[in-house]
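Fold and contact review
Next come the chains, spelled out residue by residue.
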Amino acid sequence: MTNSTASYAVFGNPIEHSKSPDIHHRFAEQTKQVMTYQKRLINIDAFEVSAQEFFNAGGSGLNITVPFKLAAYHFAEQLTARAKIAGAVNTLVKKNGLIVGDNTDGSGLLTDISINLGWPLAHEDILILGAGGAVRGILEPLLGVKPLSITIANRTFEKAQTLAEQFKHLAGPTSLNCVSYAQLKNQYKVIINGTSASLVGEAPAVKPSVYNKAFCYDMMYSKEATTFLQQANHFGAQATADGLGMLVEQAAESFYVWRQCRPKTASVIASIRAAM
Ligand code: ATR
């Protein structure tokens, strides 16, 4: 590591299939930033030690992926407002001698849905499936665009209830509700799958009519359409998209946090898609 070359990495476990190095190398080339970006497989119990070593050695910033986002939240010496609310950190940066934890996931989702896809969110009824860490990270940015309502539905209903309760004070004009899958009605403009069901080739058990005419987004991505998106297409969705755009947009936001320079994302999304 030399003084002139800023060094970045993504920490995760597993990490082999991470597309982050590809994405950041493309951003760096496009914006002519002199930097390195590597992926690092971190032992499950070695996050803090490895992150500390990285920054002690002069590292400039980290992306954090599964399963270390909560560990990174506790590791950070300072948190941005959006990281505090998300309860998780996917970006670390050294600023004025302090390691600051940020979270760019929600911003990435919002940019992909609103700007890249141009789907409606403001004044609309939004359904979010799932109530884990991934959903916690997107609730505040979504509430920020003032949908008419956000309904959280989860297989384990109590978790949806807890999340809705915790975010109620941020809801403003939006009606924030929770329901069980069985109670779902077919009245949502946009459906966001924030469950991890796609990882195991499953889709949340919602009735087919819920998909009808809805804009359906899966926060997961894969070469073939996820089971959720296959079902959405089959049962009459208005449009479907997977989370590759979100992945690239959260990376672009991290890049901006590190380099104060915003890369263009459309060509990067297209080339990462083509290489899948
Ligand atoms: P993440 O950080 O990815 O959100 P998590 O906190 O473990 O991971 O949450 C996983 C989410 O996916 C939960 O909402 C989980 O539902 P439960 O709370 O009922 O476990 C949901 N999930 C996982 N597999 C699912 C499946 N096959 N069908 C429906 N929901 C599923």
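Rules used in this analysis
Residues numbered from 1 in each chain as written. Predicted model: local features only at pLDDT ≥ 70, side-chain atom pairs only at ≥ 80, totals over all residues. Heavy atoms only, no water. Pairing = 2+ DSSP bridges. Helix = DSSP H or I, 4+ residues; strand = E, 2+ residues; numbered from the N terminus. Contact = heavy atoms within 4.5 Å. Axes fitted to C-alpha atoms, helices over the stretch in contact; angles between N-to-C directions. Core = buried A, V, L, I, M, F, W, Y, C linked by side-chain atoms within 4.5 Å. Buried < 20%, exposed > 50% of the residue type's maximum accessible area, 1.4 Å probe, protein only. Domains from an automatic or database assignment. Buried area = accessible area lost by both parts, 1.4 Å probe. Near = heavy atom within 4 Å. Polar contact = N/O pair within 3.5 Å; in protein donor to acceptor, adjacent residues only side chain to side chain. Areas by Shrake-Rupley, 256 points an atom, 1.4 Å probe, with all protein chains shown as cover. Nonpolar A, V, L, I, M, F, W, Y, C, P; charged D, E, K, R; others polar.

1. Overview of the sheet that holds strand S4 (residues 78–79)
Overall, mixed pairing links the 6 strands, which are arranged S2-S1-S3-S5-S6-S4 in an open sheet. Every interior strand has two partners, whereas the edge strands, strand S2 (35–41) and S4, have only one. Where strand S1 (residues 6–12) lies against S2, 7 bridges are found, and the strand directions are parallel. When the bridges of S2 are listed, Ser7 appears paired with Thr36. The strands touched by helix H1 (residues 20–31) are S1, S2 and strand S3 (61–64); relative to S2, the strand with the most contacts, the crossing angle is about 175 degrees. In the packing of helix H2 (residues 47–56) onto the sheet, the strands contacted are S1, S2, S3, strand S5 (91–95) and strand S6 (98–102), and the crossing angle to S1 comes to about 175 degrees.

2. Regarding the nonpolar core
Judged by nonpolar contacts, the single largest core of 28 residues is most densely connected at Leu109, Leu142, Ile150, Ile152, Ile192 and Tyr217. Elements represented by at least two residues in this core include exactly helix H5 (105–116), strand S7 (125–129), helix H6 (133–144), strand S8 (149–153), helix H7 (157–167), strand S10 (190–193) and strand S11 (215–218). When residues of this core are assigned to their parent elements, the largest contribution, 5 residues, is made by H6.

3. Focus: the domain arrangement of the protein chain
Interfaces are often sized by the amount of accessible area the parts lose when they come together. The domain architecture assigned to the protein chain consists of domain 1 (6–103) and domain 2 (106–243). For domain 1 and domain 2, the distance between their C-alpha centres works out to 27 Å. Listed by partner, the interface residues are 6 residues for domain 1 and 8 residues for domain 2. Carbon and sulfur atoms supply 59% of the area buried between domain 1 and domain 2, which totals about 510 Å² over both sides.

4. Some points on H6
Listed in full, the buried residues belonging to H6 are Val135, Gly137, Ile138, Leu139, Pro141, Leu142 and Leu143. Two residues or fewer after H6 comes Lys146, characterised by a positive phi angle close to 55 degrees.

5. Quick notes on the environment of Ile192
Position of Ile192 relative to the elements: it lies in strand S10. Judged by relative accessible area, which is 0%, Ile192 ranks as buried. Between the C-alpha atom of Ile192 and that of Ile126, which follows or precedes it by 66 residues, the distance is 7.7 Å. Every residue in contact with Ile192, bar those within four places of it in the chain, is listed here: Leu109, Ile113, Ile126, Leu127, Ile128, Leu129, Ile138, Leu142, Tyr217 and Met219.

6. Considering the site of the ligand
Taken together, the neighbourhood of the ligand is formed by 14 residues, with Asn154, Arg155, Thr156, Lys159 and Glu202 sitting nearest. Within the backbone of Ala131, an N or O atom sits 3.0 Å from an oxygen atom of the ligand. Coverage of the ligand by the protein chains reaches 72% of its 640 Å² of free accessible surface. Taken together, the residues of the shell around the ligand sort by class into 4 nonpolar, 7 polar and 3 charged.

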